[in-house]
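# Breakdown of the fold
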Amino acid sequence: MSVNEDSNREERIATSTCSYDCGGRCPLKVYVRDGKIRRIAADDRFGPGLAACARGLAQRDMVYAPDRITVPLRRSGERGSGKFEPIGWEEALKTVAGALRDAREKYGPQSVFLMDFSGSVSPLHGTQKAGRRFFSFFGGCTSWRGNSSMEAALFNSRMTFGTIFTGGTRDNFLHSRLIIFWGWNPLDTRFGPDTAGCLKQAKEHGARIVCIDPRSSPSAEGLAAEWIAIRPGTDTAMLIAMAHVLIAEDLYDRAFVETYTSGFERFKAYVTGEEDGTPKTPAWAEAITGVPGETIERLARDYAACRPAALCTGWAPGRTAYGEQYHRAASVLAAMTGNIGIPGGHVSGGTDIMMQGYLTDTISVPGSRNPAVHVTDVYNLLLEGRSGGYPSDIRVLYIVGSNLLNQFLNLNKGIRALKRPEFIVVHELFMTPTSRYADIILPAAHFLEREDIGQPFRGGTYNIAMEKAVEPPAEARSDLAIFTELAARLGITGFNDKTDHEWLNEFASMTPGMPSHDALRQEKVHRVKPDKPIVAFRKQIKDPAQNPFPTPSGKIEIYSRKIAEKNHPMIPPIPKYIPPWEGAGDPLTGRYPLQLVSPHAKFRVNSTLDNIPRLKKLADDAVWLNPADAGARGIRNGDEVRVYNERGGLIATAKVTERIMQGAASMDAGAWYRPDDMGIDHGGCVNVLTRDARSPAGAFPSNTCLVQIEKVA
Ligand SMILES: Nc1nc2c(c(=O)[nH]1)N[C@H]1C(S)=C(S)[C@@H](COP(=O)(O)OP(=O)(O)OC[C@H]3O[C@@H](n4cnc5c(=O)[nH]c(N)nc54)[C@H](O)[C@@H]3O)O[C@H]1N2
Ligand SMILES: Nc1nc2c(c(=O)[nH]1)N[C@H]1C(S)=C(S)[C@@H](COP(=O)(O)OP(=O)(O)OC[C@H]3O[C@@H](n4cnc5c(=O)[nH]c(N)nc54)[C@H](O)[C@@H]3O)O[C@H]1N2
Ligand SMILES: [Mo]
């Protein structure tokens, strides 16, 4: 919707939805008068189940935040000092274009590293869109690869099922008799706005919900009949012991395994101990996981008996050392109980709901081949470049939509790394810990200041028209507009030959099941209502002869041929428990005995929104500690504590609670780094503690982290 003078006088309602990388995607009713957002309300016009949360409703505070960056800034102190001076666009663009041109001339385009991440994920103004297109016209760049969220889950989906579309619509839960939240906390992380509603209904229909998590999460408290506490990073051992129970007690679905899977005998030989002499019994797993053997037995029997049952594997247990084994093992268990391809069953993976739209792309020119480094190696790339075996020496770091320093592992290494490039440019709305390291900051528009389309997290069954509610403040511009200007200054033609509306029309026409952008603008929210729940692999299970799985064997690969071809000792072709580094068995526990996990915060989206006071007041940024661990350290609830290891330290408030198991600690990710003169963080940014290692098949192991905690004297 264009904003013209006349229509400004009266109050009007714009429709939109957050474009953050949040688990929801909820229509917002934005009331606008005199060119200003007056208030934002949840939109109930499009049926139940899409109600917005406190974060969506707080977007007015984000747009009009007093700390919003609204003009271009140039660094005026030492890098990282946070000292900047305002400059005009002309000068800012000239400087950035000049730095890019110089780097390309002297060192080649790959001396520029494009760090575009998840600030916005919409199809046109997503922060991984315009930048990619720009650099493909520029002649390339170095970029990143992998996935900080769910690389372990994607690896499993691809290897086991041959596709990343493994989930189903949420109404499936209404058929489930048992629902297992395995490291899944959907009341906070949402995974689609209708998830909580469907789960509540399923529970009312009699489904039993069990939660397996080192802490009793809000979802465990709110929905589960039972919380099973497990040591972080040991989930694979418990899943494999459950398989042992099913095999020993002959409870698994032989017909399913024979018809649809391949390699079960190899897995069975490992589980029973025939392969290596160690039967993976519940007692074996009890010693590793801390979960009583009887509990493992009982859950295994229930999972086999209560069909259909949904084993919902959150991505967090996969964000650990060898996290890929956890997702692989969970898929095998789903197959052993015949819970694949049936309503009420479930296989989690990369994309929970199958609508190809998530993968449609028009603007970013996919397919351009840039050298890329893994998301756990970004700091190593900046520090070591070619000498460390990376594809190039980085001269210019170009950041769009990422709070890199805060959100990537091993922040103190990050600080050293961000001193290296000759030039750093950041597109941002705020002076984040990362923006402080920029040489030039370009003020980015908020999603309510541009037109786009809202699509649910990881696919889904509706689309939302994101109307432009207001003009950007002062001099802020969309990332696309910024790159369009830069392209012009670099003599690039054809970069942006369309209006936003034309781009969106093109996108809509390429996306199956989607109305035209004009139609969507009329309809505001377009819901596709399948007459029955979408269930991944329904066809493959109903008629396997006609519908093989897209794997080398045409079956669910318990033994993966593709993995076997890798011939990597730490990526076995059948899922196995591999003791993690920085786990309970690591000798490092002598100094750092507590396993720290960092869940996603209810009132932030990663680190986005941490600076919004209305939401910060609601946040729980304390470090959770079991009373036994607290007692042994003389720590009481509310005490100020130091959390540290050899990589860094932070000061936080202790929350002493039975809701976290002994030996583990938990602190929400995403609070902004706020160091003192000694480099100790007072903001509560967990990534001063995490290690920037990569799991063999690519998992981003943010939940594998040993720490010590002590009371601040
Ligand atoms: N409100 C909100 N929603 C979000 C986001 C946000 O920042 N805020 N971020 C979105 C994004 S980008 C993503 S990738 C997803 C993330 O989605 P998830 O990865 O599923 O979410 P997390 O909150 O990290 O973790 C879920 C639960 O797993 C537990 N957990 C941690 N480690 C382990 C372990 O080793 N074993 C077991 N069994 N449990 C463990 C945590 O205690 C937590 O309760 O959420 C999305 N949704
Ligand atoms: N310890 C620990 N670390 C983690 C995780 C964890 O569970 N534990 N989770 C990981 C996961 S799953 C993820 S996805 C990453 C997320 O890591 P990031 O993608 O870096 O996420 P954010 O911290 O939200 O940073 C996004 C930034 O984009 C800005 N932004 C928002 N909209 C726009 C826009 O339209 N244009 C521009 N230019 N900027 C915009 C926001 O202000 C914000 O500063 O973090 C990872 N880090
Ligand atoms: Mo994520």
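Residues numbered from 1 in each chain as written. Chains lettered and ligands numbered in written order. Predicted model: local features only at pLDDT ≥ 70, side-chain atom pairs only at ≥ 80, totals over all residues. Heavy atoms only, no water.

The next thing to look at is the site of ligand 2. Contacts to ligand 2 come from 33 residues, most closely from Ser 118, Gln 407, Glu 428, Ser 607 and Thr 608. One nitrogen or oxygen atom from the main chain of His 427 is found 3.0 Å from a nitrogen atom belonging to ligand 2. Between ligand 2 and Glu 428, the relevant distance is 2.5 Å, taken from an oxygen atom to a side-chain nitrogen or oxygen of the residue. Contact with the protein chains hides 98% of the accessible area of ligand 2, taken as 920 Å² for the molecule alone. Across the shell around ligand 2, the residue classes break down as nine nonpolar, 19 polar and five charged. (Near = heavy atom within 4 Å. Polar contact = N/O pair within 3.5 Å; in protein donor to acceptor, adjacent residues only side chain to side chain. Areas by Shrake-Rupley, 256 points an atom, 1.4 Å probe, with all protein chains shown as cover. Nonpolar A, V, L, I, M, F, W, Y, C, P; charged D, E, K, R; others polar.)

All right, on to the sheet that holds strand β23 (residues 640-645) then. In a beta sheet, neighbouring strands pair by backbone hydrogen bonds and run either parallel or antiparallel. Taken together, the six strands give a closed barrel; going around it, the order is β21-β25-β22-β24-β23-β26, and neighbouring strands pair in mixed fashion. Each neighbouring strand pair of the sheet contributes to a mean axis angle of 45°, computed without reference to strand direction. Sheet analysis places strand β21 (residues 594-597) next to strand β25 (residues 664-666), joined by three bridges and oriented parallel. When the bridges of β25 are listed, Val 597 appears paired with Ser 666. (Pairing = 2+ DSSP bridges. Helix = DSSP H or I, 4+ residues; strand = E, 2+ residues; numbered from the N terminus. Axes fitted to C-alpha atoms, helices over the stretch in contact; angles between N-to-C directions.)

Taken together, 36 residues are adjacent to ligand 1, and Asp 213, Asp 235, Arg 319, Arg 604 and Asn 606 come closest. Between a nitrogen atom of ligand 1 and a main-chain N or O atom of Ile 212, the distance comes to 3.2 Å. Between ligand 1 and the protein, one listed contact pairs an oxygen atom with a backbone N or O atom of Trp 315 at 3.4 Å. For ligand 1, the protein covers 99% of the area, taking 920 Å² as the surface of the free molecule. A class-by-class count of the residues in the shell around ligand 1 yields 15 nonpolar, twelve polar and nine charged.

For helix α12 (residues 264-272), the complete set of buried residues consists of Phe 264, Phe 267, Ala 269, Tyr 270 and Val 271. The inward-facing, buried residues of α12 abut α10 (235-248), α11 (254-260), β11 (261-262) and α15 (323-336). Following α12 by one or two positions, Gly 273 adopts a phi angle in the positive range, close to 95°. (Buried < 20%, exposed > 50% of the residue type's maximum accessible area, 1.4 Å probe, protein only. Contact = heavy atoms within 4.5 Å.)

All chains considered together, the criterion is met by 41 salt bridges. Close ionic contact of Arg 254 with Asp 250 constitutes a salt bridge, the shortest N to O distance being 3.1 Å. Its salt-bridge partner being Arg 301, residue Glu 297 comes within 3.3 Å of it at the nearest N-O pair. Taken together, the positions of Glu 297 and Arg 301, both in helix α14 (residues 293-305) and four residues apart, correspond to about one turn of that helix. The exposure class assigned to Glu 297 is partly exposed, which follows from its relative accessible area of 27%. (Salt bridge = Lys/Arg side-chain N within 4 Å of Asp/Glu carboxyl O.)

Our focus in this paragraph is the packing of aromatic side chains. What the rule picks out here adds up to 26 aromatic pairs. Aromatic pair Phe 134 and Phe 138: ring centres 6.0 Å apart, planes at 20°, arrangement stacked. Taken as a pair, Phe 134 and Phe 138 lie in helix α5 (residues 130-138) at a separation of four residues, close to a single helical turn. We classify Phe 134 as buried; its relative accessible area is 0%. Between Phe 134 and Phe 495 the ring centres are 6.1 Å apart and the planes differ by 80°, which places this aromatic pair in the edge-to-face class. Here Phe 495 lies in the loop between α19 (479-489) and α20 (500-510) and Phe 134 lies in helix α5, a separation of 361 residues in the sequence. Relative accessible area serves as the criterion here: at 3%, Phe 495 is assigned to the buried category. In this structure, Arg 642 packs its charged tip against the face of Tyr 644, placed 4.1 Å from the ring centre. (Phe/Tyr/Trp six-rings, centres within 6.5 Å; stacked < 30°, edge-to-face > 60°. Lys NZ or Arg CZ within 6 Å of the ring centre and 35° of its normal.)

Moving on to the packing of α10 against α15. In the contact formed by α10 and α15, the axes pass within 8 Å of each other and the chain directions differ by 20°. Comparing their axes, α15 and α10 come out roughly parallel. Handedness of the crossing formed by α10 with α15: left-handed. Across the interface between the two elements, Asp 235, Thr 236, Leu 239, Ile 240, Met 242, Ala 243, Leu 246 and Ile 247 of α10 pack against Gln 325, Tyr 326, Ala 329, Ala 330, Leu 333 and Met 336 of α15. Across the contact of α10 with α15, the residue classes break down as eleven nonpolar, two polar and one charged. (Parallel < 35°, antiparallel > 145°, perpendicular 65-115°, else oblique. Left-handed = near helix turned anticlockwise from the far one by under 90°.)

As a further point, take the environment of Ile 296. Position of Ile 296 among the secondary structure elements: in helix α14. Take Ile 296: its relative accessible area is 0%, and that puts it in the buried class. Between the C-alpha atoms of Ile 296 and Ala 285, which are eleven residues apart in sequence, the distance is 8.4 Å.

Read from one edge to the other, the open sheet built from four strands follows the order β10-β9-β8-β12, with strand pairing classed as parallel. Strands with a single pairing partner mark the edges of an open sheet, and in this sheet they are β10 (226-228) and β12 (309-313). In this sheet, neighbouring strand axes are inclined to one another by 15° on average, regardless of whether the strands run parallel or antiparallel. Summarising the sheet, strand β9 (residues 208-212) and β10 pair through three bridges and their orientation is parallel.

This part takes up the pairing of strand β14 (residues 396-400). A regular strand carries its side chains on alternate faces of the sheet. Counting buried positions along β14 yields five of five residues, so the element is predominantly enclosed. The alternating pattern of β14 places Val 396, Tyr 398 and Val 400 on one face and Leu 397 and Ile 399 on the opposite face, and all of these are buried. Of the pairings in the sheet, the one linking strand β6 (residues 112-116) to β14 comprises five bridges and is parallel in character. Note that in β14 the partner of Phe 113 across the bridge is Leu 397. Where β14 lies against strand β15 (residues 423-428), five bridges are found, and the strand directions are parallel. The partner of Leu 397 across the bridge, within β15, is Ile 424.

In this section: helix α13 (residues 282-289). Looking at α13, one finds that the buried residues are Pro 282, Trp 284, Ala 285, Ile 288 and Thr 289. Looking straight down α13, one finds its buried side chains confined to an arc of 150°; they lie on one side. Among the exposed residues of α13, those oriented more than 90 degrees off its buried face are Ala 283 and Ala 287. Buried residues along α13 sit in contact with α10 and α14. Looking at the residues trailing α13, positive phi occurs at Gly 290, about 80°. (Arc of directions from axis to C-beta.)

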